[in-house]
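Observations on the three-dimensional arrangement
If you want the building blocks of each chain, they are given just below.
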Amino acid sequence: MSTAPGYHRQLLPCSGQSHALSCRLITSHPPAPSPDHEIISQLVTARNNFIQIWNVFEHNNNDNNHAKLHLLYEKRLHGHITHIARVRTLASKKDGADRVLISFKDAKMSLMEWTPSAHELLPISLHTFEKLPQVAEGLALSATDPSSRMSVLLLPSNTGGDGTLAILPFFQEELDLEGLGVDKDAWDKDGLASLPYAPSHLLPLTSLTSSSTHLTPARSSTLFNTSLPSHSASGSAPPVRNISSIVFLPGFTEPTLALLYAPEVTWTGRLENTGGTNFLVSIVTLASSLKDHEKDNNNQSIAQSGLNNTTGADGAGGDPGSVGGSSSPTTAIIISTSPLLPYTSQYIHPCPPEVGGILVVTTNGILHVEQGGKVVGVASNAWFAKDFVGASATSATASSSAAGGAGGALPGLPPGIGIGVGGGSGSMLPSGVGVNSRPGEGEQIQEGLEGSSITFVASTKAVVFLRSGSVLELDLTIVGRSVTSLRLRKKGKGVPGSCVERIRGSKGNFGDRGFVFVGSEVGEGALLKWVVGKEGAQGHTGGSGTTMAMDVDDDDDDEDIYGESTHDNSTITPATPAKNAAVAGPTRSLTLTTCDTVSSYGAIRSFAIGLVDSLADGGDAPAELVACTGGGPTAGLTVFPRSISPRKRRRLDINPSTPEALVEPSQPATRGVWSLRLSTGSNILIASTDSLTKMSFQLPRDYGEEEQRYMSEDVVVEETTIAVGVIESAVDAEVIVRVGKKSVVLLGADLNPIQTHQLSKPAVRASVLPSGYVLVTAAGDGKGTLLKVNQAEIIELSLEGASDEESAGLSVFLDSANSVPLVRPREAGMDVDGGAAASAVDLEEDEEDELYATERKRPHASLASLKDAELFIPPTETSGRSWVSVIDQKGTLKVYALPNMQEVFSSAAVTLLPSIILDGAKQPIPEDVDPDDVEVDRIAIFNIGQSRIRPHLFILLTNGSLAVYEGHSSVSAASSATRPEGSLGLRFVKVCIKRLPPPRRRVAGSPEPAKREFVPFACVDGYSGVFVTGEDPMWVLAADHGQANIYEHSVKGVYSFSEFTFEDEGAGYIVQTREDLSVCSLPANSCFDREMPYIRIPRDRRYAALTFDIDSGLYACGALYDTEFMNFDDEGKPVFVGDSPYITKPTNYRSVLELVAPGTWHAIDGYEFRSNEFISTVKSVTLSTRSTPSGKKDFVCVGTTVHRAEDLAARGGLYLFEVIRILAHPETPHLDHKLRLLSFEDTKSVVGNVCDINGFLVMSMGQKLYIRAFELDETLIAVGFLDVGVHVTSLQSLKNFILIGDALQSVTLVAFQEDPFKLVLLGRDYRPGKTASANFLVNDGKVSFVVGDIFGILRVFEYDPTNITSQAGMKLLCRTEYNTGSEGVTTMLYAKRTGSEDLKQNGILFGGTDGSLYTLIPVRDAVFKRMLALQTHLGRHIQHFGGLNPRGFRMVKNDSVSRAIVKGVLDGDLLAEFDTLPLDLQMRLTELIKSDPDTIGANLRNLSSSF
C-alpha cells in the first residue's frame, strides 16, 4: 500500500460567532432610502478562520426604534482568530475611522484598516512572536487598552505557568522628526512620522514589582478583617502565573491591566487539603516610556528605534530585535492585589469608570472586587456558598454577623444556603469578602455561569447571557464611591451566548436604551434591543447622604464603550453632594427585544445521507445530507442539500387545446411562460412555443388535487414571445408589454392590443422594466432598441453613443429599492477615498468641547464624513432610478441614467473579471490577453435579495465564465469633474464566480436542448433573484445575511421559468421541463446565506447520532435529554442529597432512540433506555441473516453509556433493532413503521463505536474490540476479540480491514480473518495521538489512512512492510501532516465521480465541531504536481488577509522530523482563490508553472465536485 496525494477543501465555513466587536470602520455613508434609516456602526464577528463585517442599520419610528444587520464583507482566513479589538491610531484623528487589531493563534497580531477602494480589511502591520524560544503552541490571551494606548498579548508559555506579555504600544502624537534631528524629507516619504505604533517588546511576568499586595487586610463593610494565610508568613507577594483572564481597566491615566491568576493550581479532589480559594486578581499599571519619548525631542535613539524596528505587513519586521534588549520600555507595577478568590473563578470583566472595580465571574456567582481589596458578591446558585471551603469563624461576633453561626445562612441568601465550616481558626470567608444575594420577589436563581458573557447597559446595570440560553440582570448598589451589594434577577430564556458586544453609535443613551449583539456557537446569533424602564423602585441610601441618580450617556467616538471620563462630583446632580453621598444602583426594569437574528446551526456531531422528503410530496425524493447539529434550545437536525429541489410540485396544463399541427411532438408544449397579476386582481398566464403564443386571462378557480388547470377564453397569436412585462406608469390602467421576434405590442388588461411597434431586425432578447423602458436586442450584433411606454404609446429613444458597432452587450435596470444614489463631483483638494481631510486643530477642538461638555453628545462626525454626505443625490422617480448598461468589445463598461442618457459610471477592462469594478478605472486590457478569453456573451444588472434588495452585475463571457458582482455604496465614485450632474455612487464587488458548461447541441432524434437565459424574478417564496435556464439550470439567490450564491437546480433541462403570481397559490414559480409544466416552491425554511443551502429543523432536544435505514426510508436518531442524575447505593438510597433545595442538581443524559420520518421530521416510534443511560453511537449495519434471500439484512445497532458517578466505572449496553412495517391505524396512516428490539447485552464497559465487516458486527467495549456474529437472528455471539487502546473514538471498516482510532494512542490497522476467526494486528502508529476520526482514502488501487485529531490536524498514514523504517509493517508511516483548523468528529466515505469508469476513487466528508464541512479527495499525480506548483506561487504572489502565511497555517510542528511534511495535501481554500483573480493575473501565475488558466480551471472544477 502507498499513499495517495489529497486535496482538502472547506465546503462550508464554521457556523456561529465566538468574537464580536462594534466599531466605526466607515465614516461616510450614502443617505438611506428613508430618513429614519441610518448606519450607526459596523459589527465585526468571527469564529476560528471565518470573519464577517456587518453594517448596523438603526430604524427610528418615533420612540419605537429597532436595528438590522446587513452583511458588508466576509472572508475565510489562513489563521485561527482568538481576539478582535478596536484601536484608534493617529490616522483615526484625520478620517474618524477605527482600526481593528486581530489576534491569532500561536502568538500573532495584525493591525488592519478598512479600505473602501479594495472593499477589504487590509493589514497595516503584522506582529508575530511564535518563533520565540519561550513560546509554546496554543491560544494566546490578548487585551487592548480602551484608550488605544497599547495592546498586550499573553504568550502561551512552555515554562510551566510562568508567562510573558508581548506589548504593542500605540503613538498618541506624531513623531517630531525635525526636533529629533532627523531629516524629515528623507525619512518621512512614507509617512513615518504618522506611524501608529512603537516597536513591540516583551515583559516577563516574573519581573512584575509590587507597590501594594494583599498582605494588608482589605476593608469590608460587612465582615471583619483578618490576615490571609497564603504568602503572609514570608511577607512576599505570590507569583503571577497560571493566568486565566486579562482585561484593561478604563478611566486610568496610565494603561492599567487586571490579571486573574492562580499562583497554585488546584482541582476539586484537593479542596480538602488546599482550600477552595486559590485565585487572585492583581491590577498592574503599565507605564510606557513612549510618552516621555514623544515629549523629549533630544532622544534620537528612541526615534531611530521607532523608525527602524517597526514590523511591516509581511511580519518580518523588528519584533525579535526589540525583544533582545536588556530592559523593557514598559515599567509594570502591581498596585493592588485582591484577597483570595474561589477556585471556580472563570474570567474578569471591567466595570464602567463611574463605578470602578472588576467583576469576577465564577461558576456559581459573581464578585465585585475594588482596587482597595473590598469584595462583594452575589450567588447564581447555592454552590456559591461552598466555594470558600475550609474557612471557619474565629469569634461568635463574626459568625453571627457574617453567616449566623456555623452552617447558618448568609444575609440575603435563600434559606438553607450556608457556608461550610472547617476545623481550626480563621474567618468564615476570606478577609474583605462580603456575599449578598437579593433575589426578586419569590424568585430563586439556579444557574451555572460557565461559558457566560456579560456586558453593561448602564453604569450600575449589566446583562449576563448564559450558555444555557438564560438571561440574567445584574444590578450594582453603590453607597458613596463603593459598591455595597449585587443583585441578580432572571429575565428569561434567549440566545445561548458565547460572546456579547454592545453596539456603538445608537441614538439611545447609555443607561437608557441601545442595542447589543449576542453571538452563539451553537445556534443563531441575535441583535437585541435593550430598554431600561423609567419606573421602578428607588435606590438604596446609605449613611447621612442623599440618594442621587447618575446620568450617564453614551460616547462612542474616541473613548471606550463606557466613556473615558472618571467618576467625580461634577457628574452627579446636584453638583456638590455631601461627602458620604450615595449613588444608588438603578433598579429600573430591563426589557430585551429581538431585532434581528443571524442564522447558524452549531456543531456537527453526526450525519448521514438519506431522503429528506416524503415520496408522496413532489415525486422523486432527493437524497441529501442530514446532520445532528446545535445544542441547548437551538438543537435539532440540519439538512444540507447539494442542489435546490422543487417542492410542492403540481402539474400545470395551460395548453390542452393546442392543435397538434402547431406543436412538434418531440418538443415541450411551451418555450416561454409568464405569470402576471394585475392590480385589479386578474391573473394572466402567457405561454409561448416556437411558433405561437397563447394568453389566458382569468381569476383562479377551484381545481383538483392531482392536476391544476387554469382555463378561460384564450387568445392565440402566431408569433413567438420573447419577453412580457407590466408597466406601472400607465395613466388609466396597467399596460402589458409583449415583445415578439418582430414586434412589440401593448396589451390592455383584457389582452386586447393597444399599439404595435414593428422591429427592424428580429429580436433575440428583451427586457421590460416596470418604469416603462423596454430594451430589445437584435440578432447578430450588439445593437439594441430602447423604447419608452408613455401614456399607452410606444416611443423609440435614441441610444446614440451607447449602442454602436463596438457594443458587445446591453441591459436595462430599475433601482426599485431606491438604494443607489448619484454622487456630485468632488471639489479640488478633496481626498478621493476619505473625503476632505479634517485639520488636527479642528479635531482637537471638537474633542476638547466634548470632553468638558456638561452633557455627553453623540460622537461627532469628521469633516470628511460630513462633506461626503453632502455629495449624495437621492434618486427620484424621473431621474437616477433606471439605467442602461453597455459593454463594448474592449471590455469597457458604461452606465447611463435614463431618460437623458447621462453617463454616470465608466470602468475599463471589466471582462478581465477583476475583484473590484470602480468608477473611473482606465487601465486597458493587456495586449498579451487572448481576445477570445475576454469576449462578452451578455451583461445584465438585476435586483437580488430577500427583504433587503441590492443591485448585482452579471458578466458572462463566451468561454462560460460567469461573474456576479454586488453593488456597494461608494463615495469615491465621483472622482471626475466631467460629470456635472453626478456619478453613480456604486462600486461592484465580486461575490461569486462559476464556469458554466458550454451549450449543448441538438442530437438527431432527441429534443432540442434548452437555451440558456437569465430570468429575473421579484418574489419567489420571499426571494428576489435570477434563474438561469438551460440544460444545467441554476439559481442565483442572496439572503438578508449573506452574499449572492449560485446553486444548482436538481431538475435538468429547464426551457422556461417564471414566478407564480396567483395569490391563492402563494409566491412559488412555474418551470417548464422536458416532462411537463409544473408549479413548484422552494424548500421550506431554507437558508441561502452560505455556499451550500441548509434547512434547520429545530427540536427541543439534542441528537447524539443518527443513521438512515434504507429499507424503510426512515432515520434512527439518538436523542439526548438533560435529566437529574441520581445514583443509589446497595440499599436503594440516593448516594448524594443536596443540603439545600437551591443547590443545582447534577445532571446527566438520558436517551431515546427515535424513528423519524423525513419531510415532516416527526418521531413515529421510539425506544427509551434505562436511567442514566445515553447513546454513544448509532449505526446501520449489514449482518448475515437467514430471513432474507440474499443472506444479509440491514439492522440498527446502538451502543450506550451508563454513568454511575465519578468514583465508579461506567457501564454500557449493546442494542440491535429492526425497523419493521406495521398496519397503521386509519387515523394515523403515517405511523406505519416500528422499532423491534432483537438483541440486548448489558456490557461491563462503554460501547463506544460499532461497524460491520463481511456480515459480522464489530464493536468496541472499553479497551477491547469484539467481532460478533448474529446467530440464528437471535443472539450476538463473540467470534474474536483484540486488546486495543484506552478508548476507541473511531471505528471504520473496508473489505476485511478495520481502522481503529483511539483517544490517546493514535490509530491501529487490523485485518479480520474468517477461517478460522481471527483479528490480526497489521500495524499502528506508536506516537501518542488524540484521535477524533479515522477513515480510508482510496485512489485507483492505492489506499491511505486519514486520521484527524482533536486539534484539527489530519495525518495521512501508509502501510508499507517493504520499507525498513516500518519495522516489517508493524509501524504505520506518517507521510503527511496537515492542519485543517477544525476538529472533524464525524466522517463519511462517498464515491468520487470521475470521467473514467475504471478509475475508482472515494472522498472523505468531515463534519467539524465548529459547524464546518470539508472534504479530502485523492488527486492524480500529474494534477497534484501542477496544483502544488500553483499553490506555492499563490502563497507568494497574492496578498493574504492580515499578512498571514497560508503555508505556515497548514504546517504542523513535529519535533520528530527535520522538515514539516505538509506537501502531501493540497490547500483547496488557497487554490480556490485562483478563480477569483483577474484573468491577467491568472495568466502570469500559470506562466510560471508552464500551464494556462483553462487547464487550471478544468482541474479545479474536477477537484471541487460535490460529495
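Now for a look at the structure at hand. (Residues numbered from 1 in each chain as written. Predicted model: local features only at pLDDT ≥ 70, side-chain atom pairs only at ≥ 80, totals over all residues. Heavy atoms only, no water.)

Before going further, it helps to examine the overall build of the chain. Each helix and strand counted, the chain has 15 helices and 96 strands in total. Among the 1507 residues that make up the chain, the fraction classed as buried is 58%. When contacts within the chain are restricted to residue pairs at least 6 apart in sequence, those whose partners lie at least 24 apart make up 61%. With the model as given, the accessible surface of the chain reaches about 60,400 Å², and the carbon-plus-sulfur share is 50%. (Helix = DSSP H or I, 4+ residues; strand = E, 2+ residues; numbered from the N terminus. Buried < 20%, exposed > 50% of the residue type's maximum accessible area, 1.4 Å probe, protein only. Contact = heavy atoms within 4.5 Å. Areas by Shrake-Rupley, 256 points an atom, 1.4 Å probe, with all protein chains shown as cover.)

Scanning the entire structure with this criterion turns up 33 aromatic pairs. Taken together, a centroid distance of 5.4 Å and an interplanar angle of 75° make the contact between Phe 1256 and Phe 1317 edge-to-face. A residue pair is termed long-range when its members are at least 10 positions apart, and Phe 1256 in strand β82 (residues 1256–1261) and Phe 1317 in strand β88 (residues 1317–1324) qualify at 61 residues. Accessibility expressed as a relative area gives 11% for Phe 1256, which makes it buried. Members of the aromatic cluster, connected to one another through ring pairs, are Phe 1017, Phe 1027, Trp 1035, Phe 1057 and Tyr 1069. Note that Arg 1324 overlies the ring of Tyr 1326, its terminal NZ or CZ placed 5.0 Å from the centroid. (Phe/Tyr/Trp six-rings, centres within 6.5 Å; stacked < 30°, edge-to-face > 60°. Lys NZ or Arg CZ within 6 Å of the ring centre and 35° of its normal.)

Further remarks concern the sheet that holds strand β3 (residues 37–47). Taken in spatial order, the 4 strands make up an open sheet running β2-β3-β4-β5, and their pairing is antiparallel. The sheet is open, and its two borders are formed by β2 (19–23) and β5 (66–76), each paired with just one other strand. On average, adjacent strands in this sheet sit at an angle of 25° to one another, irrespective of strand direction. (Pairing = 2+ DSSP bridges. Axes fitted to C-alpha atoms, helices over the stretch in contact; angles between N-to-C directions.)

Here helix α10 (residues 1421–1437) contains 17 residues, and its C-alpha end-to-end distance of 24 Å stays within 8% of the 24 Å for a straight helix at 1.5 Å per residue. Within the sequence span of α10, burial applies to Val 1423, Phe 1424, Met 1427, Leu 1430, Gln 1431, His 1433 and Leu 1434. Here the buried face of α10 lies against β1 (6–12), β96 (1465–1467), α12 (1468–1471), α13 (1473–1476), α14 (1479–1488) and α15 (1493–1503). (Expected span 1.5 Å × (residues − 1).)

Another point: the pattern of salt bridges. Evaluation of the coordinates by the stated rule reveals 49 salt bridges. The salt bridge involving Arg 86 is made with Asp 98; its shortest N-O contact spans 3.0 Å. Here Asp 98 lies in the loop between α1 (92–95) and β7 (99–104) and Arg 86 lies in strand β6 (residues 81–87), a separation of 12 residues in the sequence. With relative accessibility at 7%, the residue Arg 86 sits in the buried group. (Salt bridge = Lys/Arg side-chain N within 4 Å of Asp/Glu carboxyl O.)

Turning our attention to the packing of α10 against α15. When two helices pack together, their arrangement is given by the angle between the helix axes and by the axis-to-axis distance. It is the contact of α10 with α15, at a shortest axis distance of 11 Å, that shows an interaxial angle of 110°. As far as their axial angle goes, α15 and α10 are roughly perpendicular. Crossing angle aside, the handedness with which α10 passes α15 is left-handed. Of the residues in α15, those in contact with Val 1423, Arg 1426, Met 1427 and Leu 1430 of α10 are Thr 1495, Ile 1496, Asn 1499, Leu 1500 and Leu 1503. Of the residues assigned to the contact of α10 with α15, the class counts are 6 nonpolar, 2 polar and 1 charged. (Parallel < 35°, antiparallel > 145°, perpendicular 65-115°, else oblique. Left-handed = near helix turned anticlockwise from the far one by under 90°. Nonpolar A, V, L, I, M, F, W, Y, C, P; charged D, E, K, R; others polar.)

This paragraph deals with unusual backbone geometry. Following Leu 898, the chain continues to Pro 899 via a peptide bond in cis, the omega torsion being 10°. For the bond running from Asp 1315 to Pro 1316, omega is -5°, close enough to zero to count as cis. Structurally, the position occupied by Pro 1316 is in the loop between β87 (1307–1314) and β88. With phi around 50°, His 119 is a residue other than glycine that occupies positive phi space. Note on placement: His 119 falls in the loop between β8 (108–115) and β9 (120–128).

Gaps between atoms show up when a probe of the same size as a water molecule is rolled over them. Applying the stated criterion to the full structure yields 8 cavities of 30 Å³ or more. A volume near 140 Å³ is recorded for the largest cavity. The element best represented in the lining of the largest cavity is strand β4 (residues 50–59), accounting for 3 residues. Split by residue class, the lining of the largest cavity holds 7 nonpolar, 7 polar and 2 charged. (1 Å grid on protein atoms, 1.4 Å probe; cavity = no way out; pocket = protein on both sides within 12 Å on 5 of 7 lines; lining within 4 Å. Points joined across faces, edges and corners; volume = space filled by probe spheres on them.)

Bringing the nonpolar core into the picture now. Ranked by size, the top nonpolar core spans 36 residues in total, and within it Phe 640, Leu 1405, Leu 1413, Met 1427, Leu 1430 and Leu 1434 carry the most contacts. Per-element tally for this core: the top contributor is α10, with 5 residues. Among all residues touching Phe 640, those that are not within four sequence positions of it are Leu 12, Tyr 601, Ile 604, Glu 624, Leu 625, Ala 627, Met 1092, Pro 1093, Tyr 1094, Leu 1413 and Phe 1507. With 24 residues, the next largest nonpolar core counts Trp 883, Phe 905, Leu 953 and Ile 955 among its residues. (Core = buried A, V, L, I, M, F, W, Y, C linked by side-chain atoms within 4.5 Å.)

Attention now goes to the environment of Gly 1442. When you line up the elements, Gly 1442 lands in the loop between α10 and α11 (1446–1450). In this structure Gly 1442 comes out as buried when scored by relative accessible area, which is 0%. For the pair Gly 1442 and Leu 122, spaced 1320 residues apart in sequence, the C-alpha separation works out to 6.6 Å. Apart from the residues within four sequence positions on either side, Gly 1442 is in contact with Ser 110, Met 112, Pro 123 and Leu 126.

Residues Arg 1436, Arg 1447, Arg 1459 and Lys 1463 make up a contiguous surface patch of positive charge. For Lys 1463, the location among the structural elements is in the loop between α11 and β96. (Patch = residues over 30% accessible without salt bridge, like charges linked within 9 Å, V, L, I, M, F, W, Y side chains within 5 Å. Lys, Arg positive; Asp, Glu negative; His and termini not counted. Charge placed at Lys NZ, Arg CZ, Asp CG, Glu CD.)

Attention now goes to the side chain of Thr 1415. Within the secondary structure layout, Thr 1415 lies in strand β95 (residues 1413–1418). Those residues in contact with Thr 1415 that sit more than four places away from it in its chain are Tyr 7, His 8, Arg 9, Leu 11, Tyr 1390, Ile 1404 and Leu 1405.

Moving on, we come to the sheet that holds strand β72 (residues 1094–1098). As summarised here, the arrangement of the 5 strands in space is β35-β36-β37-β72-β71, forming an open sheet in which the pairing is antiparallel. Strand pairing shows two members of the sheet lacking a second neighbour, β35 (604–611) and β71 (1086–1087), which therefore form its edges. Sheet topology places strand β37 (residues 636–640) next to β72; 4 bridges connect them, and they run antiparallel. Bridge pairing in β72 places Gly 636 opposite Pro 1098.

By themselves, these observations are geometric and do not establish any function.
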